[in-house]
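# Geometric and topological summary
Here's the letter readout for the chains.
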Amino acid sequence: MSLVFDVRGEPMEKNEKTSLKDKLLLYTGLQKQTPYVKDYFYATNMRASIYMSVLVIVLELWMIIRLTRKIINEGLQKQLSYLIKNYFINYFILLGAGTVMLIFAVRFVTGRKDNKFLSLGMQYLFSFICIYFGIKVSSHDYVKGEQILTFLTMELFVVCLLTWRPFVGFLILTSSYLVFFYKIGAEPAFNTGTVGLTDATKINGFTMWLSTMLFCISNYNKTLSQALKDERLEKVNDHLRSISIHDELTGIHNMVYFRSEAEKLLNYDTTDKNSIIFLFFDIENFKSYNEKYGFHQGNEVLKKFAGLLNEVFSHSLVSRFSDDHFVVLTREEGCQDRVRELSYELKKLQGEVQLQLKCGAYKPGDTESDPSLACDRARFACNSIKKRYEKSFRLYDKTLEDKFMLKQHIVNNIDNAVENDWIRVYYQPVVSTRTGEVCGLEALARWKDPKYGLLPPGVFIEVLEEYRQIHKLDKCIIRQVCRDYRAATDKGEGFVPISLNFSRLDFELCDIVGYMRETAGEFKVPKEFLDVEITESALTDQQDFLQKAIVVLRDAGYKVWLDDFGSGYSSLNVLKDYHFDVLKIDMKFLSGFADNEKTKPIIKNIVSLTKQLDMVSLTEGVETKEQFEFLSSIGCDRAQGYLFSKPIPIDQLREKLDKGELKFTEDYKPIQF
Ligand code: C2E
Ligand code: MG
Ligand code: MG
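Every value quoted in this text rests on a predicted model; they were computed, and no experiment measured them. (Residues numbered from 1 in each chain as written. Chains lettered and ligands numbered in written order. Predicted model: local features only at pLDDT ≥ 70, side-chain atom pairs only at ≥ 80, totals over all residues. Heavy atoms only, no water.)

### What to know about the site of ligand 1
Note the following rule: Here a residue counts as near a molecule or strand whenever at least one of its heavy atoms sits within 4 Å of it. N or O atoms within 3.5 Å of each other form a polar contact, as long as, within protein, one can give a hydrogen and the other can take it, and as long as residues adjacent in sequence are counted only when both atoms are side-chain atoms. Here, Shrake-Rupley sampling with a 1.4 Å probe gives the accessible areas, and only protein chains in the shown set may cover a residue. The helix count covers DSSP runs of H or I at least four residues long, the strand count covers runs of E at least two residues long, and both are numbered beginning at the N terminus.
In the neighbourhood of ligand 1, 23 residues make up the surrounding shell, with Asp 474, Asp 563, Met 587, Glu 623 and Tyr 642 lying closest. In the model, a nitrogen atom of ligand 1 is placed 3.0 Å from a nitrogen or oxygen of the Gln 428 side chain. Between Glu 442 and ligand 1, the recorded distance is 2.9 Å, taken from a side-chain N or O atom to an oxygen atom. Taken by itself ligand 1 offers 800 Å² of open surface, and the protein chains cover 81% of this. For the shell around ligand 1, the secondary-structure elements that each account for two or more residues are strand 8 (438–449), helix 13 (457–466), helix 14 (470–490) and strand 12 (559–565). With four residues, strand 8 is the single largest residue contributor to the shell around ligand 1.

Below is the structure:
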């Protein structure tokens, strides 16, 4: 947006020059004024009218008092009717006009809105009365040989205190001067007795006219430039205000505006909280749509969806929070029908990608006043039905409330958990299919909570990722693993490499590789003993960024494993774009082992593909002997699953080793420093 405006208040290029015609229009005041500039002049004149009317009122009161005292002191009661007709009536008319003008002006300044045309009419009338009496009194005085100060004062009041467009000022001044000089020119001069104006009077009159006119022009220009400056600022402010409350892409309101308006609404006494509802929308599969049709097309869908939302939820508070997340505050009545209507409309936009609208709803309680919490709950309800095809609407209820509280607990206590050893590492053995010996351990996190007991990662990993706190947990696991390695090695006990699960966000939120290197240095853990697992689903977006992170890890000497291979849609692409040392075949492949005929050939093919790509193959979720034997027979290098052991704490692992239930491979000798 151009932030420079021309004299009409219209945007113009910085270097654009004002033409002669524009200058002429400017100095005569004939140019078109914007409504803002008109209002500015109106306001300036109404304020100036206060001074002017007060001056006139004081002047007239003074005149009335002076004449009354003169009548009393000099006993002029007999001439009273003459004095009333020639003086008092003038004083009272001026006093009355001044008072009415003052009332209008004060009402305007104190914010009471009168009819603008009436106020302006009063201003013109008042000016006319002032000048009329100025001419009348001074022409009378002139004939008596007195000064013509009343006329001049009134001219100055009207033309200089008020701001006129120059051509209007010119008309007022010129006509009043002409009338005045015509009037005094028609009377015999008091000293010579001859009729007509002297040259000196004409020159003085012209000089006064000219200087008043010049002042009128300069006053107008000064006020105009101030008005334009203010208008410009106002426009910039409007623009800033608009972008601060609107979502740039879709044009509907943004999160900031939504929150502040929703807060006001929740705090109004008149709001019936039982009848309103917060709706959180998420378009499932929108990422795939973007991947297939590109960002531009994706943005078009978002814009259209925002338009639909506005239509379907008219008279509601509608906003876009981020990406494909929209939030609405509306009446509860009929809202599910409207969500269905939206879902139906969205389907028309989907093309070849299955877009599904998910909506989480939250009804605020009677005492609720925090819209952020309400939105979080609606979002939580929405997330709870993600990837559940049959569900598109979920109301936040008691079951979700319990889960939500747990989630809040996790987010609020991650630092406590790290500091107070609530985070524990459990180890699950990885077994060589060739020897049956343990050739690796996977480090899996557990949260031992004083209030909720032992929590599995399914409860806290996603939450910590959502709140971008996951790196705290992963750093804590790295530290514990290194400590366990050092303790075991110092006791002369054997160890095998440990694989750590890293979140995609670890690379964004901290220098996880640097931290691992430092901690391994501190506990003297050789690089060969630490591997990194990255889950396949992490690799679907931000390819470049993760690709680099994987290269950094491998360059630093760590082995990188691809976890949960086959769980997502982009498995083969992932193999093409990244380089891994170990491929972990997702446990879902084994789930149909007994009764699905296709399972075996699929696993077999994946294993042979792994060999071709020079990677080690590992299948997770091995629960039966048959599965293990099959994996051995097809040449899958390693297996992991409940058949060997569930994930267990280090001391239980030691017990199993001591009892001979598990045996560490001899391939890895503890390295003494
Ligand atoms: P994952 O890395 O794929 O871990 C394997 C999961 O499968 C573990 O669940 C393990 O207990 C389970 N599992 C192993 N063998 C069997 C089996 O034979 N049958 C069945 N039904 N399950 C088996 P867990 O420990 O609940 O971990 C779940 C996920 O949480 C992990 O999947 C991993 O993605 C994540 N995770 C765990 N610990 C961490 C961590 O420290 N950091 C990060 N970022 N993620 C972690
Ligand atoms: Mg894993
Ligand atoms: Mg896995």
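### A few points about helix 4 (residues 116–143)
This is how it is decided: Helices are assigned an expected span. That span is 1.5 Å times one less than the residue count.
Between its first and last C-alpha, helix 4 extends 41 Å over 28 residues, near the 40 Å set by a 1.5 Å rise per residue. The backbone nitrogen of Phe 117 lies 2.7 Å from a side-chain oxygen of the residue at the head of helix 4, namely Asn 115. Downstream of helix 4 by a residue or two, Gly 145 has a phi angle that is positive, lying close to 85°.

### Description of the pattern of salt bridges
In plain terms, the rule: A carboxyl oxygen of Asp or Glu within 4 Å of a side-chain nitrogen of Lys or Arg is what we treat as a salt bridge. Only protein chains enter the area calculation, which uses a 1.4 Å probe; residues under 20% of their type maximum are buried, those over 50% are exposed, and those in between are partly exposed.
Counting across every chain of the model gives 31 salt bridges. Its salt-bridge partner being Glu 390, residue Arg 388 comes within 3.6 Å of it at the nearest N-O pair. The partly exposed category is assigned to Arg 388, whose relative accessible area is 35%. Residue Glu 390 is classed as exposed on the basis of its relative accessible area of 60%. A salt bridge links Glu 437 to Lys 663; the nearest nitrogen and oxygen atoms lie 3.1 Å apart. On the criterion of sequence distance, the pair formed by Glu 437 in the loop between strand 7 (423–432) and strand 8 and Lys 663 in the segment after helix 22 (650–659) is long-range, its members being 226 residues apart. The buried category is assigned to Glu 437, whose relative accessible area is 18%.

### So, the coordination of the magnesium ion (ligand 2)
Six octahedral donors around a metal ideally subtend angles of 90 or 180 degrees, whereas four tetrahedral donors ideally subtend 109.5 degrees. The cut-off we apply is this: With water excluded from the atoms, a metal site may look incomplete; its donors are any N, O or S atoms within 2.8 Å, or within 3.2 Å for Na, K and Ca.
Binding of the magnesium ion (ligand 2) to the protein goes through Glu 442 (OE), Asn 501 (OD1), Glu 533 (OE) and Asp 563 (OD), at separations of 2.0 to 2.3 Å. Within one chain, the residues serving as donors to the magnesium ion (ligand 2) are arranged as E-x58-N-x31-E-x29-D. In this structure, the magnesium ion (ligand 2) lies 3.9 Å away from the magnesium ion (ligand 3), the two metals sharing Asp 563 as a donor. With Asn 501 in strand 10 (residues 498–502) and Glu 533 in strand 11 (residues 530–535), this residue pair connects regions lying 32 residues apart in the sequence. In this structure Asn 501 comes out as partly exposed when scored by relative accessible area, which is 26%.

### Quick word on helix 10 (residues 335–347)
For clarity, the threshold we go by: This arc is taken over the directions from the axis of the helix to the C-beta atoms.
The terminal C-alpha atoms of helix 10, which comprises 13 residues, lie 19 Å apart, in line with the 18 Å expected from a rise of 1.5 Å per residue. For helix 10, every residue scored as buried is listed here: Cys 335, Arg 338, Val 339, Leu 342, Ser 343 and Leu 346. Relative to the axis of helix 10, the buried residues are bounded by an arc of 145° and lie together on one face. In helix 10, the exposed residues that point more than 90 degrees away from the buried face are Arg 340 and Tyr 344.

### Notes on the coordination of the magnesium ion (ligand 3)
Protein coordination of the magnesium ion (ligand 3) is provided by Asp 563 (OD), Asp 564 (OD), Glu 620 (OE) and Glu 620 (OE), with donor distances spanning 2.1 to 2.4 Å. In terms of primary sequence, the donors binding the magnesium ion (ligand 3) are separated according to D-D-x55-E.

### Quick notes on the domain arrangement of the protein
What counts is decided by this rule: Residue ranges assigned to each domain were obtained from an automatic or database domain assignment.
Domain assignment breaks the protein into domain 1 (33–239), domain 2 (255–396) and domain 3 (407–659). When each unit is reduced to the centre of its C-alpha atoms, the spacing between domain 1 and domain 2 is 63 Å.

### So, the pairing of strand 2 (residues 276–284)
We apply this condition: If DSSP finds at least two bridges between two strands, the strands pair.
Within strand 2, nine of the nine residues are buried, leaving the element largely enclosed by the surrounding structure. Going residue by residue along strand 2, you find Ile 276, Phe 278, Phe 280, Asp 282 and Glu 284 tucked away on one face and Ile 277, Leu 279, Phe 281 and Ile 283 tucked away on the opposite face as well. By the bridge criterion, seven bridges tie strand 2 to strand 4 (residues 325–331) in an arrangement that is antiparallel. Bridge assignment links Leu 279 to a residue of strand 4, and that residue is Val 328.

### Quick notes on the packing of aromatic side chains
The line we're drawing: Here a Phe, Tyr or Trp ring, Trp counted by its six-membered ring, pairs with any other such ring whose centre lies within 6.5 Å, and the pair is stacked when the planes are under 30 degrees apart, edge-to-face when over 60, and tilted otherwise. In our convention, an over-ring charge means Lys NZ or Arg CZ found within 6 Å of a ring centre and within 35 degrees of that ring's normal.
A complete count under the given rule lists 33 aromatic pairs for this structure. Seen in terms of ring centroids, Phe 495 and Phe 664 are 6.3 Å apart; in terms of plane orientation they differ by 55°. Their pairing is tilted. Of this pair, Phe 495 sits in the loop between helix 14 and strand 10 while Phe 664 is found in the segment after helix 22, placing the two residues 169 residues apart along the sequence. The cationic tip of Lys 116 hangs over the ring face of Tyr 42; the distance from NZ or CZ to the ring centre is 5.2 Å.

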